[in-house]
Amino acid sequence: MENQRELAKYGEAAAGIRQVLLTSEQIQERIREMARAISEDYAGKNPLFVGVLKGVLFFMADLLRHLTIPAEVDFIAVTSYSPETRDKGFVRLVKDLETPIEGRHVLFVEDVIDTGLTLHYLLRTLRARNPASLEVCVLFDKPHHRLIDIPLRYKGFELPDQFVVGYGLDYRERFRHLPFVGVLEPEVLEGNKGR
């Protein structure tokens, strides 16, 4: 019943979502738990939180608001060359970090990990810059398509092998702003094939 109310609350913005998988309350509670653990683990270390634009924006903001330690933030942006090369992990860095990370404790924050190829490339790039430590924090883990095993220090939720949107996850730049995660109707995906 609450799931239906959440869909109804967002009306047209939620059109095309079949069901709510994670409510905004569930997401926020898990983020608070993750922030507590991170605050304990990084006490006295002045960590640098690094995220990839655009999807991580919502998670990063909410996570930072719940920290009880000082922290700095920086972002990178990547683009895939094409759908075919993206599946092989070929990406191009279009915005690099502004903060030097040598000797810093870096926490790489991701909204979702699927194959792990892009993240593997980014972690390898960051490790070459000699941080004191480099760990991964992800809100949504989709291990069903994982091609590279990546150790996750902090993990929010494991998602099913379905096309989900909301809370940073988009479909053709839609649905990203919704505060919950929902399963997309198959008709939405099918209606956009060939475009």
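Before reading on, note that the structure itself is shown above.
## Focus: the environment of Phe58
Inspection of the secondary structure assignment puts Phe58 in helix α3 (residues 57-65). Sequence separation between Phe58 and Phe175 is 117 residues; the distance between their C-alpha atoms is 12 Å. Beyond its immediate sequence surroundings of up to four residues, Phe58 is in contact with Tyr167, Gly168, Arg176 and His177.

## Let's talk about the packing of helix α2 (residues 24-41) against α3
When two helices pack together, their arrangement is given by the angle between their axes and by how far apart the axes lie. Interaxial distance between α2 and α3 falls to 8 Å at its minimum, and their mutual angle equals 55°. Regarding the angle of α2 to α3, the classification is oblique. The chirality of how α2 crosses α3 is right-handed. Of the residues in α3, those touching α2 at Gln28, Ile31, Met34, Ala35 and Ile38 are Phe59, Asp62 and Leu63. Of the residues contributing to the contact of α2 with α3, the split by class is six nonpolar, one polar and one charged.

## Things to note about the pattern of salt bridges
Tallied over the entire structure, the rule returns 16 salt bridges. With a shortest N-O distance of 2.3 Å, Arg146 and Asp141 are connected by a salt bridge. Judged by its relative accessible area of 21%, Arg146 falls in the partly exposed class. Of the charged contacts in the structure, one is a salt bridge between Arg176 and Glu173, with a shortest N-O distance of 3.1 Å. Its relative accessible area of 13% is what places Arg176 among the buried residues. When salt bridges that share partners are traced, they join Lys54, Asp170, Glu173 and Arg176 into one network.

## Concerning the sheet that holds strand β9 (residues 181-184)
Taken in spatial order, the three strands line up as β1-β9-β8 in an open sheet, and their pairing is antiparallel. Strands with a single pairing partner mark the edges of an open sheet, and in this sheet they are β1 (17-22) and β8 (164-165). Here four bridges tie β1 to β9, and the two strands are oriented antiparallel to one another. Across the sheet, Val20 pairs through a bridge with Gly182, a residue of β9.

Definitions and cut-offs
- Residues numbered from 1 in each chain as written.
- Predicted model: local features only at pLDDT ≥ 70, side-chain atom pairs only at ≥ 80, totals over all residues.
- Heavy atoms only, no water.
- Helix = DSSP H or I, 4+ residues; strand = E, 2+ residues; numbered from the N terminus.
- Contact = heavy atoms within 4.5 Å.
- Axes fitted to C-alpha atoms, helices over the stretch in contact; angles between N-to-C directions.
- Parallel < 35°, antiparallel > 145°, perpendicular 65-115°, else oblique.
- Left-handed = near helix turned anticlockwise from the far one by under 90°.
- Nonpolar A, V, L, I, M, F, W, Y, C, P; charged D, E, K, R; others polar.
- Salt bridge = Lys/Arg side-chain N within 4 Å of Asp/Glu carboxyl O.
- Buried < 20%, exposed > 50% of the residue type's maximum accessible area, 1.4 Å probe, protein only.
- Pairing = 2+ DSSP bridges.

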